[in-house]
Amino acid sequence: MRVLVSGGAGYIGSHTVLSLIEAGHDVLVVDDFSNSKPTVMARVESLTGAHVPVHAFDLTDVDKTERLFATEQIDAVIHFAGLKAVGESVAKPLEYYANNLGSTFALVNAMRHHDVRRLVFSSSATVYGDNAPVPYHEDYQPLSASSPYGRTKVMQEQVLSDVAAADGLKVALLRYFNPVGAHRSGTMGEDPQGIPNNLMPFIAQVAVGRREKLAIFGDDYPTADGTCERDYIHVEDLAAGHVAALEHLDAMTEPVRAFNLGGGTGTSVLELFRAFERAVGHELPYEIAGRRAGDLPAYWADTARAAEELGWRATRTIDDMCADTWRWQSANPQGYPEG
Ligand code: NAD
Ligand code: WQD
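What you are looking at is a predicted structure, and each value in this text was computed from that prediction instead of being measured.

*Asks:* What should I look at first to understand the environment of Ala204 in this one?
*Replies:* Within the secondary structure, Ala204 is located in helix H7 (residues 199–207). With a relative accessible area of 0%, Ala204 lands in the buried category. Taking the C-alpha atoms as reference points, Ala204 and Tyr11, 193 residues apart in sequence, are found 15 Å from one another. The residues contacting Ala204, other than those within four sequence positions of it, are Phe276, Thr325, Trp326 and Gln329.

*Asks:* Where do I start with the packing of aromatic side chains in this structure?
*Replies:* Working definition: an aromatic ring pair is given by the centre-to-centre distance plus the angle between the planes. Inspection of every chain in the model, using the stated rule, returns 8 aromatic pairs. Through a chain of ring-to-ring contacts, three or more aromatic side chains come together here, namely Tyr128, Tyr136, Phe177 and Tyr299. Between the NZ or CZ atom of Arg291 and the centre of the ring of Tyr221, over which it lies, the distance is 3.9 Å.

*Asks:* Just to check I follow, could you spell out the site of ligand 1 for this structure?
*Replies:* Near ligand 1, the surroundings consist of 26 residues, among which Asp31, Asn35, Ser36, Lys84 and Tyr149 are the closest. A distance of 2.8 Å separates an oxygen atom of ligand 1 from a polar atom in the backbone of Phe80. Expressed as a share of its isolated accessible area of 820 Å², the protein-covered part of ligand 1 is 95%. Elements represented by at least two residues in the shell around ligand 1 include exactly helix H1 (11–22), strand S5 (118–124) and helix H6 (148–167). Looking at which element gives the most residues to the shell around ligand 1, the answer is S5, with 3 residues.

The rules we used
Residues numbered from 1 in each chain as written. Chains lettered and ligands numbered in written order. Predicted model: local features only at pLDDT ≥ 70, side-chain atom pairs only at ≥ 80, totals over all residues. Heavy atoms only, no water. Helix = DSSP H or I, 4+ residues; strand = E, 2+ residues; numbered from the N terminus. Buried < 20%, exposed > 50% of the residue type's maximum accessible area, 1.4 Å probe, protein only. Contact = heavy atoms within 4.5 Å. Phe/Tyr/Trp six-rings, centres within 6.5 Å; stacked < 30°, edge-to-face > 60°. Lys NZ or Arg CZ within 6 Å of the ring centre and 35° of its normal. Near = heavy atom within 4 Å. Polar contact = N/O pair within 3.5 Å; in protein donor to acceptor, adjacent residues only side chain to side chain. Areas by Shrake-Rupley, 256 points an atom, 1.4 Å probe, with all protein chains shown as cover.

Listed below in structure tokens is the structure:
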């Protein structure tokens, strides 16, 4: 298939572009580089030997999005583009609603006008809200979220479900748990701008000397070691999940289907930190700090549906995730070069 990857220069998008090319698909990317650097594409091209056309514009621009579909042959879309920082979304809700919903409206409208009927969408475990039983199952209702960011995902899932039912689209809603890790080559990985919001990139920056120490947000949760448990998933496994979902769309009997992409087990903050120390080969500095507002104690995915229907499972371990992150961070301490 010829696949348009929106947000294809971003963390998960770039790894998925690589997996798509390795699976034999043709890829083109649209990204406005608001949270990524153009130099990532050279890494993708050198790993694959393929040329990836990149269209650098903001998807909320309806005219440019329409023109892209009018001039390129596109068989399917994987839609990663969006803003994703939970805390920032509380401070700038309108930016989040405008960007995340606006890009989806423009994209799906252009798809309808040009008869493109396959869509894979980046959703999040955040749509399960605060009260879903663990492990999280795709059929759980009602979906909700506790941040404007999370609410954009709930809303986008609803919009896409309605459009799929009305217009004959096939849509896979992929609910990611906690994506971490880097390409095994160490040439591609997560490159957050500013202070990392998420645990793994923060630990990696402590290990490389960019941050003084990790603050562990709370050790008094009702978990085995008192720190929060999450379902970490290696970004290469996640990328493979997108290829599996894309190739499954035509066989879907319903217009829209949600799939959890996670490993199915919980790992605590301290366990992840200790695994990273093993990858680095020495101890790292940390302190116990107060709880972060909004954090749930523990959750992970029910992975049965993705295994049965997509034939996909996460295979990489926590030690793989840490070793690959460290390979990337130690070889690229400041992330991707500017340029
Ligand atoms: P990312 O910020 O690295 O990638 C998103 C890309 O989209 C960036 O390259 C950015 O420049 C681009 N972009 C943003 N708005 C755009 C617009 N209007 N037009 C064109 N390009 C635009 O983020 P990521 O971690 O790769 O996440 C990808 C998707 O997965 C996002 O939708 C995110 O919400 C979702 N997701 C991420 C996580 C996670 O923890 N990383 C978890 C669950 C879901
Ligand atoms: C993991 C654990 C923190 C940083 C977020 C979004 C979610 C999804 C994935 C997009 C928590 C602890 C963290 C630090 C810490 N994204 N922590 N010190 O919060 O599970 O999920 O990213 O959809 O929607 O909410 O991930 O990596 O921020 O935190 O102790 O410096 O690490 O308290 O328990 P989270 P995270």
